[in-house]
Amino acid sequence: MSIELAGKVAVWITIVLWSAGGMFARMLDTREDVANLSVDVKHHMLQTGHPVGLERLDTVLSEQKELRRDVVEQGQQLAAICQATGADCR
């Protein structure tokens, strides 16, 4: 085996070993991240809800009820106007 060929083989072996080591390290790191994430998800699932989110939901629901009342009231007013003027409001 010539010295030039031995140098090329050494370079390729070095590259392959570093790549394999990097992939192995990344797999271990990813496995730890997944384990931490599953713990966080379990903890999150046990919570009933974020208080700020629940307050916001209550606010949205109350505003939606007010809007419904306004729409019903406007519909009644429009029906009264149409009846009083004899207009065909459809």
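Quick caveat, the model's predicted, so the values are computed rather than measured.

The rules behind these values
- Residues numbered from 1 in each chain as written.
- Predicted model: local features only at pLDDT ≥ 70, side-chain atom pairs only at ≥ 80, totals over all residues.
- Heavy atoms only, no water.
- Helix = DSSP H or I, 4+ residues; strand = E, 2+ residues; numbered from the N terminus.
- Buried < 20%, exposed > 50% of the residue type's maximum accessible area, 1.4 Å probe, protein only.
- Areas by Shrake-Rupley, 256 points an atom, 1.4 Å probe, with all protein chains shown as cover.
- Lys, Arg positive; Asp, Glu negative; His and termini not counted.
- Charge placed at Lys NZ, Arg CZ, Asp CG, Glu CD.
- Salt bridge = Lys/Arg side-chain N within 4 Å of Asp/Glu carboxyl O.

**Q** Run through the overall build of the protein, naming residues and quoting values.
**A** A count of helical and extended segments in the protein gives two helices and zero strands. Here the protein holds 90 residues, and the buried ones make up 1% of them. Of the roughly 8,600 Å² of accessible surface on the protein, a fraction of 65% belongs to carbon and sulfur atoms. Separation of charge centres in the protein, based on 9 positive and 12 negative side chains, amounts to 6 Å.

**Q** Account for the environment of Ala79, naming residues and giving values.
**A** Position of Ala79 relative to the elements: it lies in helix α2 (residues 51-85). Its relative accessible area of 45% is what places Ala79 among the partly exposed residues. Considered as a pair, Ala79 and Glu66 are 13 residues apart in the sequence and their alpha carbons are 20 Å apart.

**Q** Describe the pattern of salt bridges, and please don't skip the residues or the numbers.
**A** A side chain with one charge can pair with a side chain of the opposite charge if their charged atoms come near. Throughout the structure, instances matching the rule amount to two salt bridges. For Lys8, the salt bridge goes to Glu4, with nearest N and O atoms at 3.7 Å. Remark: Glu4 and Lys8 occur in helix α1 (residues 3-46); sequence separation between them is four residues, near one turn of the helix. Residue Arg26 pairs with Asp29 through a salt bridge whose shortest N-O separation is 3.2 Å. Of this pair, Arg26 and Asp29 both sit in helix α1, three residues apart, which is roughly one turn of that helix. Accessibility expressed as a relative area gives 52% for Arg26, which makes it exposed.

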